[in-house]
Structures are given as C-alpha cells and as structure tokens.
Amino acid sequence: MSGSVNVSAGRSYLAIPGPSVVPDQVLQAMHRASPNIYAGELIEMTATLIPDLRRVARTQHHAAIYIANGHGAWEAALQNTLQPGDLVLVPASGRFAIGWSEMADGLGIETEVLDFGNHAPWDLDRIAERLAADKEHRIKAVLGVHVDTSSSIRNDVAALRRLLDASGHPALLMADCIASLGCDRFEMDDWGVDVMVSACQKGLMVPAGISFVFFNGKAAAAREALPRISRYWDWKPRANPQEFYQYFGGTAPTHHLYGLRAALDMIHAEGIENVWARHAHLARAIWAACEAWGSDGPLRMNVPYRALRSNAVTALQLEAPGGTRLRQWLEQNLGLTLGIGLGMAPSDSPEWHGFFRLGHMGHVNGHMVLGLLGGVETGLRALDIPHGRGALEAAAAALAGR
Ligand SMILES: *Cc1c(COP(=O)(O)O)cnc(C)c1O
C-alpha cells in the first residue's frame, strides 16, 4: 500500500464475539485489594446480584452463579436435570449447538442432533415431527442455542416452546443465551424456558470467568428426582443465598463479582429494552455496510435474511484466504481484531481462511461500530479485495435513521 505507515498504536479494539470489550467502569470496580470473603461488603453486594441478573434474564425464578466459563454452565445445566441414558434432542444451527450436545454425550446422555446446517435456523416442522413421534416421551430435554455465535443465526425460542406445548410433550426446554443475553431480546418466563445458561464475558461485559444457570420450578423438580448429583455442579445450594453467598462452594470469585455489579449497574441505568434497541440499531448499520460490500465482489454474509440474524455477532466469508489476511492486516496495521470463523470449515482446511466474524456485543456504541466498519473498508482496499462501494455511507445512513 502507498501509505505504509503503521497506525496501530493507540487503544486496541477487540471486535470478536466474546470476550467482548470490558468497560472502564467494570475494570475499575475490579481493581481493588482482596476483600474479606466471610463477612461484610462482598457478602452484601453478592446478594444484590441475583435479583439484577434475574431482571436481565427476564425471570422470576432461580439463578445460580458458577466459577466457570460458558462450557461450565452447559455442564451444570445437564448435571442438574439429566442422568446417563436419558435422551436429549438438539436442534442445531451452528457449532455451539453441536458443542453442547458433545458435552451431554460426554456425560453419558444420549443425544439426537437435528442438524439444520450453518445457514438456517431451526426447522420447526421437523422438530414437531420428531416430538410427535416420541410417544413414550423418551426425550427428556430439548437443548436450543438462541444465538449460535458460529453462524450468527438467531433462533425462535418462543416458537419452540409453543411447539412443545402444542404437542403436549413434557421435555424441558433449555436455552443457551451465552451470546444473546444483554444483546438480543430474550424473555425467559414469557417464552416458557425452563433452564437458561449464560456467561459473563459477552453481553454482560465482564472478563471471562463466571457463568449462570437460571431455572424454574419444573427444572428444580427434575433436579429433585435425580438419584445423585455432582456436589460441585449442584445448583440447589448455589441458588440458596444463606448457604451460598458466604461459601460459594469454595472461594468466591471476588473480583468478578465486583465487575459484574458494575456491569449490571450500567445495564440497568440504560434499561434492558434500550440495550436491546442499541444492539439492533448498531447491527443494522453493520448489515448495511456488509450488504454494500457484498453487492460487488466475494464478500458474503452467512445469514441472508435480516430477520434471522443476531444483533450481537455477524459471520462473514471471503474467498479463502481473504478472511485470515483481512484479520491479520487489521490487527497489525490498525489495532483492530476481528473474530475467526468457527465451525464453518475444518480449521486445518484451506477454506477455513475465508471465514471471519464481527463481534458487536456488550459495550459497543456508534463510533466504535463506525471504526470497525471503516477498518474493514480500509483492509479490503489495502488488500485489493474486490468489494461494492458505498458501505460506509450506507452504515452512516442507517445510524442516522435515514
Ligand atoms: C461463547 C459461547 C459459548 C461458550 O462459552 P465459553 O465461555 O467460551 O465456554 C457457548 N455458547 C454460545 C452460544 C457462545 O456464544
């Protein structure tokens, strides 16, 4: 490129679909001396987290905090509701649904995956057929990923509930909202979700390390019916403030709790509805730019229909190795890091290098999205990757509401 001046010094920007950008307020809340874990401020502060987490999840039911990433929450949800030999149905539209089913498989749970590929949401008719065929109710739970972060498809969780109800099937409905919580609208109680898992490092804006399982009375009853349960993953003591806030099943994740307190304060100050609206508005600007780039040249959005796209993450494809070249160029030259493609091609295949993703979850605003899009535009030009014109204008127009 003619302007071979490196302009990467300055504040770096990690625009990957998790971990997300951590706000200064959260970092500052975590920057403190170790607190007393047996009495005092930490115990009192932890008690305030549960009601506020419930508000974000839109549930009146139970919440358990684990010292784990999202994979830990996956395991916790399974350990509290199922036993080896039980059957679960996993409708999949991406790598994360497959990952949850593999976690179940490792616990001796029988899994049946309905794989709808990487470009399509759940086919509700096919799920309905499968449930109707299960006359003996062998299927104990349906594991659904709300937003699959690999494909950026958003599934209709409420419709899955209606389908279970219409077929009179008693299976638990379990939702993975690790990517979507605090980004895409999610209503645990209104949508009839029995178990929901999430983690702190995406829409909740805290460094990875704690995760959550929300569960209702039906799921609590499933836990009671199990003959034995892992002491560590058992959600019963964790959802009981008296037992748990003091002992946390071990040492409390002290600094993460302070960080989460600050993040929940930010979310509630903005208002969860406004948080969703912000993500939706920013996503429209991103889509407008991506659609313009793709109008002339190899760039493809993974999800063709807007209504099926998540507001938290956008999966894209260039001719291989364009995705990898673009990511590397942006990181080295602009201080901007994009996400790798995940699950769209084997990671040791040449095609893998075509895929990449934009993370736009959590602490993201208009100027950051414009910087992200301006960066991608610059990288496409610098690398002579053909692309349609007018992407940044389209994004500005979308942000301006014009
Ligand atoms: C990130 C993510 C996970 C995995 O979470 P980890 O914290 O990386 O274990 C699972 N499901 C979805 C939808 C995710 O986005």
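In this text, all values refer to a predicted model and were calculated from it rather than measured experimentally.

A. The arrangement of the layout of surface pockets in detail. By volume, the largest pocket amounts to about 450 Å³. Around the largest pocket, the lining is made up of 18 residues, and of these Arg11, Ser12, Tyr13, Leu14 and Met368 lie nearest the centre. Those elements giving two or more residues to the lining of the largest pocket turn out to be β1 (13-15), α1 (24-30) and α13 (366-382). The element that contributes the greatest number of residues to the lining of the largest pocket is α13, accounting for 5 residues. Along the lines of polarity and charge, the residues of the lining of the largest pocket split into 10 nonpolar, 6 polar and 2 charged. For the lining of the second largest pocket, the element with the most residues is helix α3 (residues 70-79), which contributes 3 residues. In terms of residue class, the lining of the second largest pocket is built from 13 nonpolar, 7 polar and 3 charged.

B. Summary view of the pairing of strand β13 (residues 336-340). Judged by how many residues are buried, β13 sits mostly within the fold: 4 of 5 residues are covered. As paired elements, β1 and β13 share 3 bridges and run parallel to each other. Within the sheet, the bridge partner assigned to Tyr13 lies in β13 and is Leu336. Relative to strand β14 (residues 355-359), β13 runs antiparallel, the two sharing 2 bridges. Bridge pairing links Ile340 to Phe356 in β14.

C. Molecular detail of empty space enclosed by the protein. Tallying each qualifying case throughout the model produces 1 cavity of 30 Å³ or more. Empty space within the largest cavity amounts to approximately 30 Å³. If you trace the largest cavity, you find it lined by Tyr13, Leu14, Ala15, Ile16, Ser20, Val21, Gly359, His360, Met361 and Val364. Looking at which element gives the most residues to the lining of the largest cavity, the answer is β1, with 3 residues. In terms of residue class, the lining of the largest cavity is built from 7 nonpolar, 3 polar and no charged.

D. Local environment of the environment of Trp235. When you line up the elements, Trp235 lands in helix α8 (residues 235-238). For Trp235, a relative accessible area of 1% gives the class buried. Residues Trp235 and Pro35, 200 residues apart in the sequence, show an inter-C-alpha distance of 25 Å.

Rules of the game
Residues numbered from 1 in each chain as written. Predicted model: local features only at pLDDT ≥ 70, side-chain atom pairs only at ≥ 80, totals over all residues. Heavy atoms only, no water. 1 Å grid on protein atoms, 1.4 Å probe; cavity = no way out; pocket = protein on both sides within 12 Å on 5 of 7 lines; lining within 4 Å. Points joined across faces, edges and corners; volume = space filled by probe spheres on them. Helix = DSSP H or I, 4+ residues; strand = E, 2+ residues; numbered from the N terminus. Nonpolar A, V, L, I, M, F, W, Y, C, P; charged D, E, K, R; others polar. Buried < 20%, exposed > 50% of the residue type's maximum accessible area, 1.4 Å probe, protein only. Pairing = 2+ DSSP bridges.

Function cannot be inferred from these measures alone, as they are strictly geometric.
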